[in-house]
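The primary structure of each chain is shown beneath.
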Amino acid sequence: MVRRLTAALAAGIITAIAATAVTAQADVIKERQALLKQFGDATKPIGGMLRGSVPFDLAQVQAALDLYVKDAKVLPTLFPAGSGTGDTEALPAIWTNKADFDARFAKLGSDAAAARAAITDEASFKANFPGVVRNCGGCHDTYRQKN
């Protein structure tokens, strides 16, 4: 009787831990998706500025660069081991090559900070901003599922 009770209690604890891990995984996926959506929302009008279809707005460019600098530090922490399944477009390569993945965010942050200091007008924007967004494409090509 004691063995059955102990086994049932252990099974309950394991189930609770597993449920907590699944919930935590779903939360971290949602959190990283929200931050990456902010990146996209901030970048969309900037792309229009690069193409000349949207008027140049230095304050908007600076705000986007500030967002990249801030969140490039946070995002690598939102890809912990075990968070590659579920509602995510993250490829397994993230976890098999985590050092490169993390380094890409560090480069994005440093490139964005350098661009933030260098961009003072439309000409310097067009010269510096494309290098920042190339970081995004390189990471997406390697670590994100194609739609």
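Think of each chain on its own: its residues are numbered from 1, step by step along the sequence as written. Reporting of local features is limited, given that this is a predicted model, to residues whose pLDDT is at least 70; pairs of side-chain atoms are given and counted only at 80 or more, and all residues count toward the totals for whole chains, interfaces and linings. The basis for the side-chain values is all heavy atoms of the structure; hydrogens and waters are excluded.

So, the overall build of the chain
Inclusion rule: In this description a helix means any DSSP run of H or I spanning at least four residues, a strand means any run of E spanning at least two, and both kinds are numbered starting from the N terminus. Throughout, exposure labels follow a simple rule: accessible area from a 1.4 Å probe, protein chains only, divided by the maximum for the residue type, with under 20% read as buried, over 50% as exposed, and the rest as partly exposed. Any two residues whose heavy atoms approach within 4.5 Å are treated as being in contact. Values of accessible area rely on a 1.4 Å probe in the Shrake-Rupley scheme; residue burial ignores everything except the protein chains shown.
Looking only at helices and strands, the chain has five helices and zero strands in total. Along the chain, helices (α) and strands (β) appear in the sequence α-α-α-α-α when read from the amino end. A total of 147 residues make up the chain; the buried ones form 27% of that total. At a minimum sequence separation of 6, the contacts of the chain that also span at least 24 residues come to 75%. Roughly 8,800 Å² of accessible area belongs to the chain as shown, and the carbon and sulfur atoms make up 63% of that amount.

Examining the nonpolar core
Put simply, the rule reads: Take the buried residues of types Ala, Val, Leu, Ile, Met, Phe, Trp, Tyr and Cys, join any two whose side-chain atoms come within 4.5 Å, and each joined set is a nonpolar core.
The biggest cluster of nonpolar side chains holds 29 residues, and the ones touching the most others in it are Val61, Leu65, Tyr68 and Phe129. Mapped onto this core, the elements with two or more residues apiece are α1 (2-51), α2 (58-74), α4 (98-118) and α5 (122-143). Looking at which element gives the most residues to this core, the answer is α1, with seven residues. Look past the residues within four positions of Leu65 in its chain and what remains in contact with it is Ala112, Ala115, Arg116, Ile119, Phe129 and Val132.

As for the packing of α2 against α5
To keep it simple, the criterion reads: Here an angle of 0 to 180 degrees is reported between the N-to-C directions of two axes, which are lines fitted to C-alpha atoms, with helices fitted over the stretch in contact. Angles are sorted into four bins: roughly parallel if under 35 degrees, roughly antiparallel if over 145, roughly perpendicular if 65 to 115, and oblique for all others. What makes a crossing left-handed is the near helix being turned counterclockwise from the far one by less than a right angle; a clockwise turn instead makes it right-handed. For this classification, the nonpolar set comprises Ala, Val, Leu, Ile, Met, Phe, Trp, Tyr, Cys and Pro, the charged set comprises Asp, Glu, Lys and Arg, and every other residue, Gly included, is treated as polar.
At their nearest, the axes of α2 and α5 sit 12 Å apart, and the two run at 25 degrees to each other. Between α2 and α5, the angle falls in the class roughly parallel. The two elements α2 and α5 cross, and the hand of that crossing is left-handed. Of α5, the residues touching α2 (which contributes Val61, Leu65 and Tyr68) are Phe125, Phe129 and Val132. The residue inventory of the contact of α2 with α5, partitioned by class, reads six nonpolar, no polar and no charged.

Description of the confidence of the model for the chain
Put simply, the rule reads: By definition, pLDDT measures how confident the predictor is in each residue, and it falls between 0 and 100.
Confidence in the prediction of the chain, expressed as mean pLDDT, is 88, and 82% of residues score 70 or more. Within the chain, no element has a lower average pLDDT than α1, which sits at 73, and none a higher one than α2, at 98. Ignoring residues within four places in sequence, the model shows residues 15-24, a span with pLDDT below 50, making zero contacts including any to other chains.

So, the layout of surface pockets
Let me state the cut-off plainly: In this analysis a 1.4 Å probe is tested at points of a 1 Å grid over the protein atoms alone, and where it fits but cannot get out there is a cavity; an open set with protein on both sides within 12 Å along at least five of seven lines is a pocket; lining residues have an atom within 4 Å of a point. Grid points are joined across faces, edges and corners, and a volume is the space filled by probe spheres set on the points.
Volume-wise, the largest pocket comes out at about 570 Å³. Secondary-structure elements contributing two or more residues to the lining of the largest pocket are α1, α4 and α5. Across the lining of the largest pocket, the residue classes tally to twelve nonpolar, six polar and four charged.

Looking at the packing of aromatic side chains
Filter applied, for reference: When the centres of two rings from Phe, Tyr and Trp lie within 6.5 Å, Trp using its six-membered ring, the rings pair. Their planes under 30 degrees apart give stacked, over 60 give edge-to-face, and anything left gives tilted.
For the structure shown, the criterion picks out eight aromatic pairs. With a centroid separation of 5.2 Å and 45 degrees between ring planes, the pair formed by Phe56 and Phe125 is classed as tilted. Of the two residues, Phe56 is situated in the loop between α1 and α2 and Phe125 in helix α5; the sequence distance between them amounts to 69 residues. Residue Phe56 is classed as partly exposed on the basis of its relative accessible area, which comes to 25%. Here the aromatic rings of Phe101 and Tyr143 are separated by 5.2 Å at their centres, their planes lie at 80 degrees, and the arrangement is edge-to-face. With a gap of 42 residues between them, Phe101 in helix α4 and Tyr143 in helix α5 connect regions that are remote in the sequence. We note that Phe101, like Tyr143, is buried.

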